[in-house]
Amino acid sequence: MKLAIFAYSRRGCETALQAREALCGPRDDCRCYASEKYAQGEFAPIQSPCAPFTGPLFAWADALVFVGAAGIAVRSIAPHVRDKRTDPAVLCVDELGRFVIPLLSGHIGGANALAQRLAAALEAVPVVTTATDINGRFSVDAWAARNGLFIDSMDAAKAVSAAILEGPVPLFCDFPVAGALPPGTRRGDSGPVGICVSWRKQAPFARTLLLVPPVLRLGLGCRRGISEDALRDAVEGVLDEHEIHPKAVKCAASIDLKRDEPGLLAYCAARNWPLSFHSAERLAALEGDFTPSERVLRVTGVDNVCERAAMVGAQRLLVRKTARNGVTVAVAEERWEARF
């Protein structure tokens with residue numbers, strides 16, 4: 001976690017150091033700032049005006065903690081607030097460490113959870129104001145964020161959160177559900193508003209909040225010198241044909257003979273897909289029913305590249321080898337279950 005902590009008094013600096021100890025581990029990057037009068041030792045100076053100074057840290061950090069008046073925090077972050085999907089968590093703590101208030105990104109950014117954690121360490125009161133939390137209902141966006149699911153529509157997320165306060169909202173899940181459903185939900189696949197957890201592009205409800213877990217692995221094969229555009233057209237064609245949401249793709253893989261293929265490297269990098277390469281021996285050792293090719297066997301040393309590459313680390317093959325303009329594509333699914 002990348003954390004920025006701001007303090008504005010001597011006592012506030014003491015509380016800021018307690019907050020750092022409570023929230024930061026050895027792998028976290030924590031930066032402490034204080035008003036110029038108190039900027040010494042572990043504290044860098046806060047420069048005036050506060051909003052321009054805060055801007056780069058707002059863009060850098062996963063969380064910001066202001067130890068002081070809530071008004072200072074609000075004025076510091078106000079020009080930089082953009083979108084709850086990307087804004088960092090922002091917390092305010094009074095200088096005596098009595099109250100911890102999540103001000104921004106309580107759910108997706110994790111400010112509510114950080115407030116509970118920090119309050120426990122300081123023996124303070126967490127002042128959580130989000131409606132679903134204070135009513136003991138399911139915070140769907142917070143759950144999605146904790147589990148790395150893509151929220152397809154923030155408007156639908158708001159509609160679900162509002163509906164949960166009025167009564168149980170139906171939840172449809174394409175995956176096994178471990179344990180009970182969360183408060184404010186029920187199993188169902190129809191209704192005016194509902195939650196759907198799936199890798200498919202689907203909308204079972206009149207207004208569907210689609211939550212997409214990254215659980216699919218692409219297996220890719222290609223001819224030498226293939227272009228990035230050809231790869232894009234082939235992959236997107238396969239995803240569309242099978243109604244696969246692109247955010248469900250977690251990574252891609254191929255044979256190590258393609259390790260230096262510029263078009264393949266560029267295509268996966270542009271989509272932020274980790275790309276791994278496997279030897280012919282590793283691919284051939286996989287057990288399963290794969291589509292064999294004598295030509296591929298002669299060239300690569302294994303009878304199939306894309307299906308076998310997709311299945312490395314996966315549970316089942318969803319899309320078999322599909323060839324398009326010099327590219328072969330296969331899709332496999334990892335094992336995943338919903339835990340609430």
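The structure this text deals with has already been given above.
Residues numbered from 1 in each chain as written. Predicted model: local features only at pLDDT ≥ 70, side-chain atom pairs only at ≥ 80, totals over all residues. Heavy atoms only, no water.

Novice: Please give an account of the sheet that holds strand β1 (residues 2–7) that cites residues and values.
Specialist: In spatial order, the strands read β3-β2-β1-β4-β5-β6-β7; together these 7 strands make up an open sheet with mixed pairing. Each edge of the open sheet is held by one strand with a lone partner, namely β3 (44–46) and β7 (125–126). Where β1 meets strand β2 (residues 29–35), 6 bridges bridge the pair, whose relative direction is parallel. By the bridge assignment for β2, Ile5 is matched with Cys32. The strands touched by helix α3 (residues 70–77) are β4 (63–67), β5 (89–93) and β6 (99–104); relative to β4, the strand with the most contacts, the crossing angle is about 140 degrees. (Pairing = 2+ DSSP bridges. Helix = DSSP H or I, 4+ residues; strand = E, 2+ residues; numbered from the N terminus. Contact = heavy atoms within 4.5 Å. Axes fitted to C-alpha atoms, helices over the stretch in contact; angles between N-to-C directions.)

Novice: Outline the sheet that holds strand β14 (residues 216–222), listing residues and values.
Specialist: Spatial strand order, β16-β15-β14-β18-β17: 5 strands in an open sheet with mixed pairing. Here the strands that pair on one side only, and so sit at the sheet edges, are β16 (275–278) and β17 (316–324). On average, adjacent strands in this sheet sit at an angle of 25 degrees to one another, irrespective of strand direction. Taken together, the 7 bridges between β14 and strand β18 (residues 327–333) define a ladder with antiparallel strand orientation. Its bridge partner being in β18, Cys222 is matched across the sheet by Val327. Against the sheet, helix α8 (residues 228–241) engages β14, β15 (249–255), β17 and β18, with an angle of about 40 degrees to β18.

Novice: Kindly report on the nonpolar core, identifying the contributing residues and their values.
Specialist: Counting residues in hydrophobic clusters, the biggest one holds 54 residues, and the most contacted among them are Ile195, Val197, Leu211 and Leu218. By residue number, the principal contributor to this core is α8, which donates 6 residues. Formed by 26 residues, the second largest nonpolar core is a distinct cluster that contains Cys32, Val65, Ala111 and Leu118. (Core = buried A, V, L, I, M, F, W, Y, C linked by side-chain atoms within 4.5 Å. Buried < 20%, exposed > 50% of the residue type's maximum accessible area, 1.4 Å probe, protein only.)

Novice: Give me the state of the cysteines: which residues, what numbers.
Specialist: Throughout the structure, instances matching the rule amount to 0 disulfides. In this structure Cys24 is not part of a disulfide, and its nearest cysteine sulfur, from Cys30, lies 3.3 Å away. Owing to a relative accessible area of 19%, Cys24 belongs among the buried residues under this scheme. Sulfur of Cys268: no disulfide; nearest cysteine sulfur belongs to Cys251 and is 9.5 Å away. We classify Cys268 as buried; its relative accessible area is 1%. (Disulfide = S-S within 2.5 Å.)

Novice: How would you explain helix α4 (residues 111–122) if you had to name every residue and give the values?
Specialist: Taking 1.5 Å per residue as the helical rise, α4 with its 12 residues ought to reach 16 Å, and the 16 Å between its terminal C-alpha atoms agrees with that figure. By the burial criterion, the buried members of α4 are Ala111, Asn112, Leu114, Ala115, Leu118, Ala119 and Leu122. Angular distribution of buried residues about the axis of α4 spans 155 degrees; they occupy a single face of the element. For α4, the exposed residues set more than 90 degrees away from the buried face come down to Ala113 and Ala120. Looking at the buried residues of α4, the elements they touch are α1 (10–23), β4, β5, β6, β7 and α5 (131–134). (Expected span 1.5 Å × (residues − 1). Arc of directions from axis to C-beta.)

Novice: Which residues make up the pattern of salt bridges, and what values go with them?
Specialist: Any two side chains of opposite charge can pair if their charged atoms end up close together. Overall, the coordinates contain 20 salt bridges when judged by the stated rule. We note a salt bridge from Arg200 to Asp174, for which the minimum N-O separation is 2.9 Å. Within this pair, whereas Arg200 is found in the loop between β12 (193–197) and β13 (207–212), its partner Asp174 is found in the loop between β9 (169–173) and β10 (177–178), the two being separated by 26 residues in sequence. Among the residues examined, Arg200 registers a relative accessible area of 31% and is labelled partly exposed. A relative accessible area of 28% means that Asp174 is categorised as partly exposed. Between Arg217 and Glu334 there is a salt bridge, with the nearest N and O atoms lying 2.8 Å from each other. Here Glu334 lies in the loop between β18 and β19 (338–339) and Arg217 lies in strand β14, a separation of 117 residues in the sequence. (Salt bridge = Lys/Arg side-chain N within 4 Å of Asp/Glu carboxyl O.)

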